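Next come the chains, spelled out residue by residue.
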Amino acid sequence: MDVEEGLVDSNEQSLQDLNHTGESGDVRSPFSPTLSFRSQTFLHQVSPAAERLRYILNEDDDMPTPTLFTEMDTLQREGDELEWKESARWVKFEEKVEEGGERWSKPHVSTLSLHSLFELRTCLQTGTVLLDLDGYSLPQIVGEDRQIEEGMISPELREKISFVLLRKHRHQTKKPIHRSLADIGKSNSASHAQSRSMNDIADTPSTDQLKNKFMKKIPRDAEASNVLVGEVDFLNKPFVAFVRLAQATTLGGLTEVPVPTRFLFILLGPQGKAKSYNEIGRAIATLMVDDLFSDVAYKARDREDLIAGIDEFLDEVIVLPPGEWDPKIRIEPPKKVLSADKRKSVFSLNELGQVNGTAGGGGGGLANDEEMPEQHDFCGGLYLDMKRKLPWLPSDIYEGFHIQSISAVLFIYLGCITNAITFGGLLGDATDNYQGVMESFLGTALAGSVFCLFSGQPLIILSSTGPILIFEKLLYEFSKNNGIDYMELRLWIGIHSCLQCLILVATDASYIIKYMTRFTEEGFSSLISFIFISDAIKKMVGSFKYYPINTDFKPDYITTYKCECLAPDPSESMSQGGAGGLSSRVSVPALDWSQLGKKECLKYGGSLVGKSCKYVPDLALMSFILFFGTYSMTVTLKKFKFSRYFPTKLRKLISDFSIFMSIMTFVGLDMLMGLKTPKLIVPTEFKPTRPDRGWLVMPFGKNPWWIYLASFVPALLVTILIFMDQQISAVIVNRKENKLKKGCGYHLDLFWVGVLMAACSFMGLPWYVAATVISIAHMDSLKMESESSAPGEQPQFLGVREQRITGILVFVLTGVSIFLAPILKFIPMPVLYGVFLYMGVASLSGIQFWDRIKLYLMPSKHQPDFSYLRHVPLRKVHLFTLVQITCLAVLWILKSTFLAIIFPVMILGLMVVRKMLDMIFSQHDLAWLDDLLPEKEKKKKDDDKKKKKVKEKEKKRSKGDDSEEEVRDGLLLPPAGGLET
């Protein structure tokens, strides 16, 4: 019987089986013209195949399915001898051996013909299926007698098939560019001396297999599936076998890498149909690396379960019309594919998406119900935070000992000391040095290290903020004008604020964060990011004021530019008279004034005369080179891990240490040039900035008694400031998309912020609260990605390295910076401004608000395929963005005036605006553009209405035409291994 007759003729029956509707007749064909796929509808009646899969996939859910490495070998004839040659492999995407035979192709999405999938279905229907076969070696598996007992093959054919299957396997290993004559001679002589024994395959893995570097791309618990296809001259119809071993077994030289084999698919057939066999082999190999079908293959109980898996695969594939694309094009692996969990959820929930759109639109930083319960007991939230965090304490320590932590510490340390110097200097100006750079360093070290050691979220970095600086300035001016002791008043404000924070903790006031949706988070974080960016640019522009570019310099008049040192006029010195004039005259030695430098000339009373005396080097230009060079090099090296150069580990190492390498590069450039650019100045003595104050502030004795009570009022403003700043920064850090596993700690964080406020007040140190941008930078520097990603697959984001070591080290280093002053003095300030610019820009990445702003500048056809653009009209997207821009502009204006002190209160204003948006936008639109507010009754009603409408639409659609069309020419894309639909 011809293979076309044996396989193709059965496809008509396959189509009938696929389109069989059962007794009810309600289930539509997956091949109907209306394309009734499960990804587009919420079907409540499922096909028999889906019903069968739902049953088997819900069994043993606790046992994870191993990753499958699939290798396809084709039978080749070398002279008179047969051998199996590796032709393709899959971990997630397909790699082919190129026609030249010397290299692998780039990983690409497998494109299959529909015909090959139907033929594969027929193969499994008519061929041998052996499930949970006990086998320890390939000869023993091949020698299985079950097929002879069932009358499927004769003993003579079994012996010939066994001989073919036991031929040696030649794998595509990395070959040298040249081959020696000795190697060629060996290969030729070996071809004539090959063994004609039954077993020509090695029993144990070879040295090349054990040393194969491709193992790094395969997960440790992976198993193999081997596909063997070929044409032979002793068969007149195809021989097909699908084997699943009871236990994964290493079958010697069968597989390219030493991975135990779990599945075997064998297809041998008459000559002349090699291309058809190869396509069927590619089809089963692609199915085996499909997350859903591999689960089916592991849990299948019989042949029908496997066929149901193919039917479900066929129900999800996407057909590409044959005349509208080139089948020879290899489709690049996408950056993101639909997760296997979402596809598998169909068989437990029978719906792919949620009506409220949270599958793609939400995902803000809202805590879950366990972390923010609705019932509020006294100190209940604090107790739950401590209960949640205590078991993680050991891992918070040992997980910090990683090379990635070193780069994070260096990066955040430089950001923190720059921040401490900047705010310390501003505080010194605002408070007449009652608080200065020294207090800023000590306070940062004390508050930061205590917070990182005991807080609920150690990834948060504490720092001084703009509103606190303005409050300190207004408080000092009020104290000075009214004859009140500033430090004592500040102490009592700190004590009251601490008590108020503790009251908020005890009453679970942090529950308000449930109303901080993406709208509020992005408005706040965008503002802080823009502040960092603008401050960095302002500092840089300021250097052009201090070191102006010599625009008056004319190269043509270079001969007229000179500067001479003239000796002081003796008559003028005598006319000054007195002791001063005499001492001046005596101190001047006999000098050659024309040879003195600028400093010595002025020191001895000389005068500088000439056009070039006011010349300064172009320090502004050099500062700009250092500033922009640090930023651009950091951005470039940060993306280096996605480049094509160097091994993966080296690329990742360069990316992790990108900031440190950029800083060192431009510090070295500055030292090489030798110009006097502004440098980092750190205190060198451990003493208060103001000589007449100590390290401890006494609470009584300098102010009237009523001050101690009246300070409750300004403390209330500080508490609101601290609470809003702290909690919204914590919400941003604890976003769900950051995949934090150890939970939040909002109440515990606020508790320690309050305690540290009192401690810093007693020591006369600045107050500290969560710094949004630096905290985001800290988290970004600790992001983890999968180490063994399949060829072509982007490394998967696993989460953040949650630990306490990096934060503690950053603040300890900040505390001892006074002893590091001899080293730190070489760092130019423009380099640190470049780091600040990078922090601000990097914290904008991934913010949906920023992506939506850029949509204003893009024509519709060039806009990215964001999920919310599929579900929300563009005009509504623009309107929502415009509201956010308006709010941001108002916040920016307030920040730039003395009203900045009420800035935290305006965050509450953002929450009010968000509440008002419920009257403008539907809940469906808000679910995709923002997060829904925690009003469960309203949300439930909206969801019920949506579900009712969907059901009605589906009923109408189910009455349509169910006519069948034969699809033959198109190529198929696998459902999740290729493109996200």
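Residues numbered from 1 in each chain as written. Predicted model: local features only at pLDDT ≥ 70, side-chain atom pairs only at ≥ 80, totals over all residues. Heavy atoms only, no water.

What follows concerns the overall build of the protein. What the protein contains, in helices and strands, is 40 helices and 17 strands. Residue burial in the protein is summarised as follows: out of 981 residues, 50% are buried. At a minimum sequence separation of 6, the contacts of the protein that also span at least 24 residues come to 81%. (Helix = DSSP H or I, 4+ residues; strand = E, 2+ residues; numbered from the N terminus. Buried < 20%, exposed > 50% of the residue type's maximum accessible area, 1.4 Å probe, protein only. Contact = heavy atoms within 4.5 Å.)

Moving on to the pattern of salt bridges. What the rule picks out here adds up to 23 salt bridges. Between Asp-291 and Lys-92 there is a salt bridge, with its nearest N and O atoms 3.7 Å apart. In this pair, Asp-291 is assigned in helix α11 (residues 291–299) and Lys-92 in the loop between β2 (81–90) and β3 (94–96), connecting sequence segments 199 residues apart. Relative accessible area serves as the criterion here: at 26%, Asp-291 is assigned to the partly exposed category. Arg-914 is paired through a salt bridge with Asp-918; the nearest N and O atoms lie 3.1 Å apart. (Salt bridge = Lys/Arg side-chain N within 4 Å of Asp/Glu carboxyl O.)

In terms of backbone geometry, most residues other than glycine have negative phi values and most peptide bonds are trans. A positive phi is found at Asp-132, a non-glycine position, where the angle reads about 60°. Positionally, Asp-132 belongs in strand β5 (residues 128–133). Residue Asp-132 is classed as partly exposed on the basis of its relative accessible area of 44%.

On the surface, a cluster of nonpolar side chains totalling about 860 Å² of accessible area is made up of Tyr-856, Leu-857, Leu-879, Leu-882, Val-912, Met-916, Met-919 and Ile-920. Elements with a minimum of two residues in the nonpolar patch: α37 (874–895) and α38 (903–916). Relative to the assigned elements, Val-912 resides in helix α38. (Patch = residues over 30% accessible without salt bridge, like charges linked within 9 Å, V, L, I, M, F, W, Y side chains within 5 Å. Areas by Shrake-Rupley, 256 points an atom, 1.4 Å probe, with all protein chains shown as cover.)

Glancing now at helix α35 (residues 848–855). The periodicity of an α-helix, 3.6 residues per turn, causes residues three or four positions apart to be oriented the same way. Those residues of α35 not exposed but buried are Gln-848, Phe-849, Arg-852, Ile-853 and Leu-855. Each buried residue of α35 sits inside an arc of 150° when the element is viewed along its axis, so together they form one side. Residues of α35 that are buried sit in contact with α21 (518–546), α36 (867–871), α37 and α39 (923–929). (Arc of directions from axis to C-beta.)

Counted by the stated rule, this structure contains 17 aromatic pairs. When the centroid spacing of 5.1 Å and the interplanar angle of 20° are considered together, the rings of Phe-454 and Trp-752 count as stacked. With Phe-454 in helix α18 (residues 437–454) and Trp-752 in helix α30 (residues 746–763), this residue pair connects regions lying 298 residues apart in the sequence. The class of Phe-454 is partly exposed, set by a relative accessible area of 42%. Note on Phe-751 and Trp-752: the rings are 5.5 Å apart at their centroids and 85° apart in plane angle, and the pair reads as edge-to-face. Residue classification places Phe-751 among the partly exposed positions, given a relative accessible area of 25%. (Phe/Tyr/Trp six-rings, centres within 6.5 Å; stacked < 30°, edge-to-face > 60°.)

Turning to the nonpolar core, a few remarks are in order. Leu-680 and Ile-722 are the most contacted members of the largest nonpolar core, which has 129 residues in total. Both domain 2 (380–545 + 629–846) and domain 3 (847–946) contribute no fewer than three residues apiece to this core. Sequence-distant contacts of Ile-722, that is, excluding residues within four places in its chain, are made with Ile-468, Cys-501, Val-753, Met-757, Tyr-768 and Val-769. Counting 38 residues, the second-largest nonpolar core is a separate cluster that includes Leu-112, Leu-114, Ala-283 and Ile-307. (Core = buried A, V, L, I, M, F, W, Y, C linked by side-chain atoms within 4.5 Å. Domains from an automatic or database assignment.)

Here the focus is the environment of Arg-167. By the secondary structure assignment, Arg-167 is in the loop between α7 (155–165) and β6 (169–170). In terms of polar contacts, Arg-167 uses its side chain to reach the backbone carbonyl oxygen of Phe-163, at 2.8 Å. (Polar contact = N/O pair within 3.5 Å; in protein donor to acceptor, adjacent residues only side chain to side chain.)

Before going further, it helps to examine the packing of α21 against α37. Working note: a packed helix pair is described by the angle between its axes plus the distance between those axes. Running from N to C, α21 and α37 point in directions that differ by 50°, and their axes come no closer than 10 Å. Overall, the two elements α21 and α37 adopt an arrangement that is oblique. The way α21 lies across α37 gives a crossing that is right-handed. Contacts between α21 and α37 involve Phe-519, Glu-522, Gly-523, Ser-526, Leu-527, Phe-530, Ile-531 and Ser-534 from the first element and Phe-880, Val-883, Gln-884, Cys-887, Leu-888, Leu-891, Trp-892 and Lys-895 from the second. (Axes fitted to C-alpha atoms, helices over the stretch in contact; angles between N-to-C directions. Parallel < 35°, antiparallel > 145°, perpendicular 65-115°, else oblique. Left-handed = near helix turned anticlockwise from the far one by under 90°.)

For α18, which comprises 18 residues, the first-to-last C-alpha distance of 26 Å matches the rise-based estimate of 26 Å (1.5 Å per residue) to within 8%. Of all the 18 residues making up α18, 13 are buried; the element is thus mostly covered by neighbouring parts of the structure. (Expected span 1.5 Å × (residues − 1).)

The next thing to look at is the packing of helix α17 (residues 403–430) against helix α19 (residues 466–481). Across the interface, α17 lies against α19 with an axial gap of 9 Å and an inter-helix angle of 20°. Compared by their axis directions, α17 and α19 come out roughly parallel. When you trace α17 past α19, the crossing you get is right-handed. Here Phe-423, Leu-426, Leu-427 and Ala-430 of α17 come into contact with α19, specifically with Gly-466, Leu-469, Glu-472, Lys-473 and Tyr-476. Among the residues making up the contact of α17 with α19, the classes are represented as six nonpolar, one polar and two charged. (Nonpolar A, V, L, I, M, F, W, Y, C, P; charged D, E, K, R; others polar.)

Let us look at the state of the cysteines. Evaluated as defined, the whole model comprises one disulfide. What pairs with Cys-565 in a disulfide is Cys-601, and their sulfur atoms sit 2.0 Å apart. Between Cys-565 and Cys-601, the S-S dihedral sits near 95°, and the bridge is therefore right-handed. Taken as a pair, Cys-565 in strand β12 (residues 564–566) and Cys-601 in helix α24 (residues 598–603) lie far apart in primary sequence, 36 residues in all. (Disulfide = S-S within 2.5 Å.)

Here we take up the pairing of strand β1 (residues 68–78). Looking down a regular strand, the side chains alternate between one sheet face and the other. Here β1 lies mainly inside the structure; eight of its eleven residues are buried. Of the strand pairs in this sheet, β1 and strand β7 (residues 223–231) are connected by seven bridges, and their pairing is parallel. Paired with Phe-69 across the strands is Ala-224, a residue of β7. Here β1 pairs with β2 via nine bridges, running antiparallel. Bridge pairing in β2 links Met-72 to Ala-88. As consecutive antiparallel partners, β1 and β2 are separated by two residues, and within that stretch Gly-79 has a phi angle of approximately 70°, a positive value. (Pairing = 2+ DSSP bridges.)

A separate point is the side chain of Arg-852. Secondary-structure assignment places Arg-852 in helix α35. Within the local environment of Arg-852, its side chain forms a polar contact with the side chain of Gln-884, the two groups lying 2.7 Å apart. Apart from the residues within four sequence positions on either side, Arg-852 is in contact with Glu-522, Tyr-868, Val-877, Phe-880, Thr-881, Gln-884 and Leu-929.

This part covers the confidence of the model for the protein. In this model, the protein carries a mean pLDDT of 75, and residues with pLDDT of at least 70 account for 77%. Here residues 349–365 is modelled with pLDDT under 50, and outside its nearest four sequence neighbours on either side it reaches 55 contacts, counting other chains as well. Contacts for the low-pLDDT stretch residues 576–586, under 50 throughout, to residues beyond four places or in other chains number three contacts. (pLDDT = per-residue confidence, 0-100.)

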